[in-house]
Amino acid sequence: MKQAIGMIETKGLIALIEATDTMLKASEVRCLGKKQVGGGLNTVLISGDVAAVETAVQAGSASVQRLGEDLLTASHVIARPHIEATTFVDEIQKVAESKPNEREEVVIETSDQIENTEIVETDQKK
């Protein structure tokens, strides 16, 4: 990874979503995923060119501070991180990529069950 990574840590999910939305709109960056640290702390990671990541992190930090001064815990940009440091990012990215697929399967299974139930109820009423 020759690009920069940026991180924002917030208290609460709403502040994390606000930071992520602002960062993605502020410049050409990619969201790598989020990590729930614990105790209400959440961290979002982004990547892109150094200048784009710095701009995005500054904009995201400012938007979280507008929600409440105590909601922003930390923010940081690492320009061209060492290859061994990217193993943490790769682990977070794998988790972020695997979770949406699990959610889709659950939604599909649930909607099938609802349709089957409706059909059974309709057949029984006749």
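You'll find the structure just up there.
One numbering rule holds for all chains: residues counted from 1, following each sequence as written. Per-residue local features of the predicted model are confined to residues with pLDDT of at least 70, and side-chain atom pairs are confined, for both listing and counting, to 80 or more; whole-chain, interface and lining totals are unaffected and use all residues. Neither water nor hydrogens contribute to the side-chain values; these are computed over all heavy atoms in the structure.

Describe the overall build of the protein chain, and please don't skip the residues or the numbers.
The helix and strand tally for the protein chain stands at 3 helices and 4 strands. The helix count covers DSSP runs of H or I at least four residues long, the strand count covers runs of E at least two residues long, and both are numbered beginning at the N terminus. Taken from the N to the C terminus, the helices and strands of the protein chain come in the order β-α-β-β-α-β-α. Counting every position in the protein chain, which comprises 126 residues, the buried fraction comes to 30%. When checking whether two residues touch, look at their non-hydrogen atoms; a contact exists if any pair is within 4.5 Å. Sequence-distant contacts, at least 24 apart, represent 72% of the contacts inside the protein chain between residues at least 6 apart. Here the protein chain displays about 8,400 Å² of accessible surface, and carbon together with sulfur accounts for 53% of that area. For every residue, the accessible area (1.4 Å probe, protein chains only) is compared with the maximum for its type, and the residue is labelled buried under 20%, exposed over 50%, or partly exposed between those bounds. Surface accessibility in these figures is a Shrake-Rupley result with a 1.4 Å probe; residues are shielded only by whichever protein chains are displayed.

Please set out the sheet that holds strand E2 (residues 29-38) residue by residue, giving values where relevant.
Taken in spatial order, the 4 strands line up as E2-E3-E1-E4 in an open sheet, and their pairing is antiparallel. Here the strands that pair on one side only, and so sit at the sheet edges, are E2 and strand E4 (72-78). Strand-to-strand twist of the sheet, defined as the mean angle between neighbouring strand axes without regard to direction, takes the value 15 degrees. A pair of strands is treated as paired once DSSP finds two or more bridges between them. In this sheet, E4 lies alongside strand E1 (residues 4-11) in antiparallel orientation, the contact comprising 6 bridges. The residue of E4 that forms the bridge with threonine 10 is leucine 72. Between N-to-C directions, angles span 0 to 180 degrees; the directions come from axes that are lines fitted to C-alpha atoms, helices contributing only their stretch in contact. Those strands touched by helix H1 (residues 13-26) are E1, E2 and strand E3 (41-48), and its axis lies near 10 degrees from that of E3. The sheet strands contacting helix H2 (residues 50-67) are E1, E2, E3 and E4, and the helix crosses E1 at an angle near 10 degrees.

How would you sum up H1? Please name residues and give values.
Between its terminal C-alpha atoms H1 stretches 20 Å, which fits the 20 Å expected from 14 residues at 1.5 Å a residue. Turning to H1, its buried residues number three or more, namely Ala15, Leu16, Ala19, Thr20, Thr22 and Met23. For a helix, the expected span equals 1.5 Å multiplied by the residue count minus one.

Describe the pattern of salt bridges, listing the residues and the values that go with them.
By salt bridge we mean one thing: a side-chain nitrogen of Lys or Arg within 4 Å of a carboxyl oxygen of Asp or Glu. Overall, the coordinates contain 1 salt bridge when judged by the stated rule. For lysine 25, the salt bridge goes to aspartate 21, with nearest N and O atoms at 3.1 Å. With lysine 25 and aspartate 21 both in helix H1 and 4 residues apart, this pair spans about one turn of that helix. Residue classification places lysine 25 among the exposed residues on the basis of a relative accessible area of 66%. Residue aspartate 21 is classed as partly exposed on the basis of its relative accessible area, which comes to 35%.

So what's going on with the nonpolar core? Residues and values would help.
Take the buried residues of types Ala, Val, Leu, Ile, Met, Phe, Trp, Tyr and Cys, join any two whose side-chain atoms come within 4.5 Å, and each joined set is a nonpolar core. Counting 15 residues, the largest nonpolar core has Ile8, Met23, Val29, Ile46, Val53 and Val57 as its most contacted members. Per-element accounting of this core gives the leading share, 5 residues, to H2. Among all residues touching isoleucine 8, those that are not within four sequence positions of it are Leu16, Ala19, Met23, Asn42, Thr43, Val44, Val57, Gly60, Ser61, Leu72, Ala74 and Ser75.

From the geometry alone we can't say anything about function, so treat these as descriptive.
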